[in-house]
Each structure stands twice: as structure tokens, then as C-alpha cells.
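Okay, here's what each chain looks like letter by letter:
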Amino acid sequence: MDDALEAASEFFDMPAERKAAFACADIRSPVRYDTSSKDGISKARSFLKHYANPLDHWVDSWPTQPATYRKKMGTYAVEIQRLSIQLMGAIVQGLGLCPMHLQEKLGAGLQFMALNNYPQGSSRAGDTVGLAPHSDIGFITILLQSSPGLEVTHHDDGGVWTPVPAIPGALHVHLGDHLEVLSNGRLRSLLHRAILNTDEERISIASIHGAAIDEKVGCAEELVDERHPRMYRESSFHDFLDFLPTNVKAYRRFVETLKIDSA
Ligand SMILES: O=C(O)CCC(=O)C(=O)O
Ligand SMILES: [Fe+2]
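Throughout what follows, the structure given in this document is the object of discussion. Keep in mind it's a predicted model, so treat the numbers as computed, not measured.

The local shell around ligand 1 holds 13 residues, among which N116, Y118, H192, R202 and S204 are the closest. In this structure, N116 approaches ligand 1 through a side-chain N or O atom, which is 3.0 Å from an oxygen atom. The contact in question runs from an oxygen atom of ligand 1 to an N or O atom on the side chain of H192, over 2.9 Å. Taken by itself ligand 1 offers 300 Å² of open surface, and the protein chains cover 96% of this. Listing elements by their share of the shell around ligand 1, those giving two or more residues are β3 (110-118), β4 (129-134), β9 (191-195) and β10 (202-210). Counted by class, the shell around ligand 1 contains seven nonpolar, four polar and two charged residues.

As C-alpha cells, this is what we get:
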């Protein structure tokens, strides 16, 4: 975990032109660096996003500088992917589904990593939010943060934000839109955001785990019955990417757009 944060930090410390080599307007690009977001809120954040599972398929597109990047981030990615499968096994079992449900699909599934770099914030400039509220696609997100900044809200809390402490050696795990769909609404995806620290810059590494890029995710049949009608249409990660550019002005969780109108 320390090595992963160090690799991320060394990447962001590189001169702007080196990092700009990974800039790409196409959100489907396997590697993408940017210094701004389209939402008009997450202005201070810069990020590097890339796929990671299976590692040997993607690692050749990763940065070669800093020299240890591929080794350090690759080791972290493989361990986190393994952890995601263990956690998903427990979650699936907790839903009363067969523990083997999804195991194969997850092994060949999506691992999408977002390395985020937030500068030190200045409350005087009113610069407090580093990343606007959103939920993640995928089943679960495993997040590592160098210092506090992640905040979460319960759906019924009316916009009360709770900071997630940065405990050394701890990972934060939250649920994504596709787990809400899979569980037919028994679980809900988590709205979260990042705020800027006034005393230090911050790095977070979010690893999103889901079904393969083109695989449609729907409600588990075992969780659909007369008392629990199917609540969501099926969708893939690709469908999510198609939706993203349309979700700029008035943000909606992707999963909201999948709801089947029960009327
Ligand atoms: O920086 C953080 O703590 C949050 C990052 C995040 O939510 C994301 O990359 O999806
Ligand atoms: Fe997120």
C-alpha cells in the first residue's frame, strides 16, 4: 500500500509535459490523465485512470516513468483484485446467493483504477470540494487515501457529510451502482465526495471492481419474486461510459437511470 501511494506520488510529481503524454479526450482510452473534470466542481483534482485486470493485458499501456511505477502499482493492483474477490464472495453469500455466483465473472472482470491528486485547498478562495458527489459504477470500490478527505453521506441524511478517517494500513470499501442492481435494490450504492485539505495535498487510489467491460449486469434472478419485482434494467460498464458525458449539468447516479418504472 505504501509502495502504491509512493508510485502515485512520484507520478504526480513529474513535470507536466511528461504527464500530459497520457492525456486523451476519449474516455474509452485504456490510460487517461487529466487536470480537470467536466462537472465544473472538481476543478482542483488531477487524475490518472487505467485498467488493471488482467494485469498482463493492460500493464504495457501504463506509464514507464517513474521507473518503478509498473512494478509497484502492478503488485498493489493484483493484491487488491484478489481482495475484491474475497469481499464479493462474502457479499454475495450475505445476499443469500450461491457463494460461487459471479466468482468466474469477477476473475475475468473489470478492475478500473483512478489515482487522484488533490492540491492543498484554500478555504479563503472557497476552494473546498476536490471531487463532486457521485457513486461509482461496478460492484465495489476499494480505496486507499494518503490523508483524510473522503466523505460519505447516507441517502436519507439530506446532504450531511461524514468524513472517513484515514487510518494507516486501512482500506475503505464501498458499494457501487452495479451491486445495487445485482441485489435488486437490497443494497444501495454509496454517494461520496472528496474535500481538499487545507494543510496538505492528498492522494487517493480508487480501485473499482465489476463485471467485464461489455458484460450486462442485471438483478440476480434469486432476488426477484412477486414481493420483490425487478427494479432495474440491465447495463454494462460500456453503457455507463456512454451515459457519463450526458451526466454533467444535473448529476444523477447512473443506477437511477436504470430504474424500471413500477407505475
Ligand atoms: O479521493 C477520494 O477519496 C475519492 C475518489 C473517488 O471517489 C473516485 O475516484 O471515484
Ligand atoms: Fe468515487
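Let's shift gears to the coordination of the iron ion (ligand 2). Coordination angles at a metal have ideal targets, namely 109.5 degrees for four tetrahedral donors and 90 or 180 degrees for six octahedral donors. Listed as protein donors to the iron ion (ligand 2) are H134 (NE2), D136 (OD) and H192 (NE2); their distances from the metal cover 2.1 to 2.2 Å. Read N to C, the donor residues that coordinate the iron ion (ligand 2) are spaced as H-x1-D-x55-H. Neither H134 nor D136 differs from the other in exposure class; each is buried.

Before going further, it helps to spend a moment on the nonpolar core. Ranked by internal contacts, the top residues of the largest apolar core, which has 55 residues, are M73, L115, F139 and I205. By residue number, the principal contributor to this core is helix α4 (residues 69-94), which donates seven residues. In this structure L115 touches A8, F12, S46, F47, L48, H50, Y69, M73, S204 and I205, once residues within four positions along its chain are discounted. Judged by nonpolar contacts, the second largest core, of seven residues, contains L143, V152, V164 and L190.

Our focus in this paragraph is the side chain of N117. Following the sequence through the fold, N117 ends up in strand β3. Judged by its relative accessible area of 10%, N117 falls in the buried class. Side chain to side chain, N117 and E201 meet in a polar contact 3.1 Å long. A distance of 3.3 Å separates a polar atom in the side chain of N117 from the backbone oxygen of R202. Here N117 is in contact with F12, A44, R45, S46, E201, R202 and I203, once residues within four sequence places are set aside.

If you trace the backbone, L187 turns up in the loop between α6 (177-182) and β9. Between the C-alpha atom of L187 and that of Q103, which follows or precedes it by 84 residues, the distance is 19 Å. Those residues in contact with L187 that lie beyond four places of it in its chain are I91, L95, L175, L179 and E180.

What follows is about unusual backbone geometry. Looking along the chain, the bond that leaves N53 and enters P54 is cis, with omega of -5 degrees. The topology assignment puts P54 in the loop between β2 (46-51) and α3 (55-58). Residues Q65 and P66 are joined by a peptide bond in cis, for which omega reads -5 degrees. By the secondary structure assignment, P66 is in the loop between α3 and α4.

Cut-offs and rules
Residues numbered from 1 in each chain as written. Chains lettered and ligands numbered in written order. Predicted model: local features only at pLDDT ≥ 70, side-chain atom pairs only at ≥ 80, totals over all residues. Heavy atoms only, no water. Near = heavy atom within 4 Å. Polar contact = N/O pair within 3.5 Å; in protein donor to acceptor, adjacent residues only side chain to side chain. Areas by Shrake-Rupley, 256 points an atom, 1.4 Å probe, with all protein chains shown as cover. Helix = DSSP H or I, 4+ residues; strand = E, 2+ residues; numbered from the N terminus. Nonpolar A, V, L, I, M, F, W, Y, C, P; charged D, E, K, R; others polar. Donors = N, O, S within 2.8 Å, 3.2 Å for Na, K, Ca; no water. Buried < 20%, exposed > 50% of the residue type's maximum accessible area, 1.4 Å probe, protein only. Core = buried A, V, L, I, M, F, W, Y, C linked by side-chain atoms within 4.5 Å. Contact = heavy atoms within 4.5 Å.

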